[in-house]
Amino acid sequence: MSQKYYEDTVNSKLENKHAVERVSELVRVRLVECGWRDQVRLACRKLSEENDGFNNFDELIAVVTPTARAMVPDSVKRELLHELELILSNIDKLPSKK
Amino acid sequence: MSRNQNVLSNIDREFHDIVSSKELLRQAAERYLDKIIDTITIGIALGIHRSKKAKVLDSEKEVTPKEEGPRPCVDIFGPYNFKKKYECLCCNCDRIVEASGFAPHLEVCMGMGRSRSRNASRRIANNSRERENSTYGSIPSDDEDDMDWNSGDKRKRKKDRNGNKKLKSTPKKINEVDPVETINIDVEGEADDILNLRDLLQDFSRGPSPADSVSSSGSTKRRDKSKSKKRKDRSSPNSSLNLN
């Protein structure tokens, strides 16, 4: 199984159980609380001003996403991973509808 | 339905395999978390890109709120001590007027106000009197319209001069008598409102006083009775003639 395959499987399983919104909301709240969102905003503004607004939005995204990933604090990332694993194991334990 | 069921069952099997293995579970969780972070980042970048394009970015640099002394009184509708001035330009006199007072200004400016209408009616009455007194009958008029106007005004002259002598008027002049009656009873005088106004103004200009008005009302009441009697008298001979 490829790594991309894991993402799709998890996503499809969460969609079946209507848990995608809850998980994404949980992650968003944690990132806002730790100040990651504001840091990413400032970084985006700086990059857009330096490169004069970027002609394409894709260019901006290509530059911003790796920096945004790196900005996530390790403690917050660990906590989120732990919580996500618990959620996935609990979903697996739920009886499947036939 | 069978295809969907097969797909769902496959997904469940694979998911179970992932969760059962710790390493696979960790990798899957990590990749899924990165995917969520990327979607959030795209949302933030899109907002900034849009604001930059709309040139709103400069206003957002002030993140810290400024504390400039005591804040003005604020209501749910906004600061209620703040008076928003909406100014309008008057098309008639080209003045800038406040919106709250624009309607009364227009009323005065365009000549629709009460005082102006009273002044205008007084001027009309004064002008008509001046014309009558000065050179009204002496100037010969070539136009037929002027002659008609002259004849009409002559009748009015007779009214003004006769004043109290209206009781002795002929049956044709009943209409002329009506304005006096309308002071007390307004049933028959609806067609002569303009004439009534002029007469009133002239009467008041001669020397109005409450005593006079009371006496005049009393006299008019007496006149009414006399008029009603005279009307009956007038009607009776005709009826007698018809019978015969």
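Procedures and definitions
- Residues numbered from 1 in each chain as written.
- Chains lettered and ligands numbered in written order.
- Predicted model: local features only at pLDDT ≥ 70, side-chain atom pairs only at ≥ 80, totals over all residues.
- Heavy atoms only, no water.
- UniProt positions renumbered as here; feature names shortened; annotations may be inferred.
- Helix = DSSP H or I, 4+ residues; strand = E, 2+ residues; numbered from the N terminus.
- Buried < 20%, exposed > 50% of the residue type's maximum accessible area, 1.4 Å probe, protein only.
- Core = buried A, V, L, I, M, F, W, Y, C linked by side-chain atoms within 4.5 Å.
- Contact = heavy atoms within 4.5 Å.
- Salt bridge = Lys/Arg side-chain N within 4 Å of Asp/Glu carboxyl O.

If you check an unreviewed UniProt entry, chain B appears there as SAGA-associated factor 11 from Ignelater luminosus. The record in UniProt for chain B states the following under Subcellular location (unreviewed entry): "Nucleus".

Per an unreviewed UniProt entry, the recorded name for chain A is Enhancer of yellow 2 transcription factor, and the organism is Ignelater luminosus. Under the heading Sequence similarities (unreviewed entry), UniProt records this for chain A: "Belongs to the ENY2 family."

1. Some details on the overall build of chain B
Check the secondary structure of chain B and you find eight helices and four strands. Starting at the N terminus, the α and β elements of chain B follow one another as α-α-β-β-β-β-α-α-α-α-α-α. By the burial criterion, 21% of the 244 residues in chain B qualify as buried.

2. Quick look at the nonpolar core
Grouped together as the largest cluster of nonpolar side chains are 36 residues, with contacts concentrated most on A:Leu31, A:Trp36 and A:Leu88. Elements supplying a minimum of two residues to this core: α1 (3-16), α2 (20-33), α3 (36-50), α4 (57-71) and α5 (74-93) of chain A together with α1 (2-20) and α2 (22-53) of chain B. The residues contacting A:Leu31, other than those within four sequence positions of it, are A:Trp36, A:Arg37, A:Val72, A:Val76, B:Ile37 and B:Ile40.

3. Description of the pattern of salt bridges
This structure, assessed with the given rule, holds seven salt bridges over all chains. One salt bridge connects B:Arg31 with A:Glu7, and the closest N-O pair in it is separated by 3.0 Å. Pair noted here: B:Arg31 is in helix α2 and A:Glu7 is in helix α1, and the two residues belong to different chains. Its relative accessible area of 33% is what places B:Arg31 among the partly exposed residues. Taken together, the salt bridges that share partners define one network made up of A:Arg30, A:Glu79 and A:Glu83.

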